[in-house]
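Geometric and topological summary
One letter stands for each residue in the lines below.
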Amino acid sequence: MPTKIAAGNWKMNGLQTDMLELQLISKAAEQMDCRTIICPPTTLLGNATKFSKEIFIGGQDCHPEPSGAYTGDISANMLADTGASYVLVGHSERRSYHGENSTIVRAKAEAAIAATLKPVICVGENLQQRKSGDAIETVSSQIKDSVPANSEIILAYEPIWAIGTGVIPSFKEICQMHDAIRALLIKNYGSIGQKISILYGGSVKPSNAAEIFSATNVNGALVGGASLKSTDFIPIMRALSKS
Ligand code: PEP
């Protein structure tokens, strides 16, 4: 069975004072039958790994190279050095604002694995691709190009049009996409493909989490806005734990 994962992406949010939210989430995680990962901004990583022992901590991005003249970037080794154990790669905001294509995303995922981090590889179609009926084809080709031949990965399906909008795909659309991703993972990895966690991301809230988690091949969520407050995120963790 794939591990059930509730992952929070804090994006460019969070100061030292927000460590309290992390500690509340960490405390709640003790009671949950799922794994919790929080990806805070880089500035909070050191304290997060030290003071939130019940959860796993991840970076939000890493450079493909282990070190070098890349001002402002952070390597997978550096993330691992803070005690982080996961890293997001290929988030749609990195793909669109930083021009990252699937080749770069794959190199980042490989760098993460080499540094003993688990990459959470994000894929997802835009609204036009959804409307023209090309969503599954788009996501399949992103997976083909951005996922390395290694089973130590987590996949996050995040339709771009659902991120931060409050709009989510229908339950049927979520099931169709996650079933298609599972079939592709099994084709690529054989029986190991059964064990890779596939997360849904895009406007997950306490009010819609239980329904989303009832889909067979949804093994958790990657949550943006609703991961910033423990009062929003803990009910999502609970819904996953009960699923
Ligand atoms: C995200 O940024 O990965 C995300 C899913 O954001 P939100 O939950 O706010 O839609």
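Read on for an overview of the structure. Every chain is numbered on its own, with residues counted from 1 as its sequence reads. Given that this is a predicted model, residues contribute local features only at a pLDDT of at least 70 and side-chain atom pairs are listed and counted only at 80 or more, while totals for whole chains, interfaces and linings are drawn from all residues. Hydrogens are left out, water is left out, and the side-chain values use all remaining heavy atoms of the structure.

Moving on, we come to the pairing of strand S7 (residues 198-201). Neither face of S7 is left uncovered, since the one carrying Ile198 and Tyr200 and the one carrying Leu199 and Gly201 both have all their residues buried. Pairing between strands requires that DSSP locate at least two bridges from one strand to the other. Each helix is a run of H or I in the DSSP string that is no shorter than four residues. Each strand is a run of E no shorter than two, and both are numbered from the N terminus. For strand S6 (residues 154-157) and S7, the ladder comprises 3 bridges, and the chain directions are parallel. Bridge pairing in S7 places tyrosine 157 opposite tyrosine 200. One ladder, built from 2 bridges, connects S7 with strand S8 (residues 220-223); its direction is parallel. What sits directly across from tyrosine 200, in S8, is alanine 221. For crossovers, right-handed means that the path from the first strand over the helix to the second runs clockwise, given strands pointing away from the viewer. Taken together, S7, helix H9 (residues 206-213) and S8 form a β-α-β motif whose crossover is right-handed. Any residue under 20% of the maximum accessible area for its type is buried, any over 50% is exposed, and the rest in between are partly exposed; the area is computed with a 1.4 Å probe on protein chains only.

In this structure, glutamate 158 sits in the loop between S6 and helix H8 (171-189). Here a polar contact is recorded for every N or O atom pair within 3.5 Å, except that within protein the pair must consist of a potential hydrogen donor and a potential acceptor, and residues adjacent in sequence are included only if both atoms are side-chain atoms. Of the polar contacts made by the side chain of glutamate 158, one reaches the side chain of histidine 91; its length is 3.5 Å. What makes two residues a contact is simply this: any of their non-hydrogen atoms within 4.5 Å. Once residues lying within four places of it in the same chain are set aside, the contact partners of glutamate 158 are His91, Cys122, Val123, Gly124, Glu125, Ile163, Gly201, Gly202 and Leu222.

Here the focus is the site of the ligand. Neighbouring residues of the ligand: 14 residues in total, closest Lys11, Glu158, Gly164, Ser203 and Gly224. Here glutamate 158 contributes a side-chain N or O atom positioned 2.6 Å from an oxygen atom of the ligand. With respect to the ligand, the backbone of glycine 164 contributes an N or O atom lying 2.7 Å from an oxygen atom. In the complex, the protein chains occlude 96% of the 290 Å² of accessible area that the ligand would expose alone. Residues are grouped as follows: nonpolar covers Ala, Val, Leu, Ile, Met, Phe, Trp, Tyr, Cys and Pro; charged covers Asp, Glu, Lys and Arg; every other residue, Gly included, is treated as polar. Residue composition of the shell around the ligand, by class: 4 nonpolar, 8 polar and 2 charged. For this purpose, a residue is taken to be near a molecule or strand whenever a single non-hydrogen atom of the residue falls within 4 Å of it. Where accessible areas are quoted, they stem from the Shrake-Rupley method and a 1.4 Å probe; at the residue level, only the protein chains shown are allowed to cover.

Looking at the element boundaries, glutamine 142 is found in helix H7 (residues 135-146). Among residues more than four places away in sequence, those in contact with glutamine 142 are Arg95, Ser102, Val123, Gly124 and Val147.

Here we come to the layout of surface pockets. Only protein atoms enter the 1 Å grid, on which a cavity is a set of points fitting a 1.4 Å probe that cannot get out and a pocket is an open set with protein on both sides within 12 Å along at least 5 of 7 lines, lining residues being those with an atom within 4 Å of a point. Grid points are joined across faces, edges and corners, and a volume is the space filled by probe spheres set on the points. The computed volume of the largest pocket comes to approximately 600 Å³. Along its surface, the largest pocket is lined by 23 residues, and Lys11, Thr42, Gln60, Asp61 and Arg94 are the ones closest to its centre. When residues of the lining of the largest pocket are assigned to their parent elements, the largest contribution, 3 residues, is made by helix H4 (residues 92-97). Of the residues assigned to the lining of the largest pocket, the class counts are 9 nonpolar, 9 polar and 5 charged. When its volume is computed, the second largest pocket comes out at roughly 240 Å³. Lining the second largest pocket are 15 residues, and of these Met1, Pro2, Thr216, Val218 and Asn219 sit closest to its centre.

Scope: geometric values only; no functional claims are made or implied.
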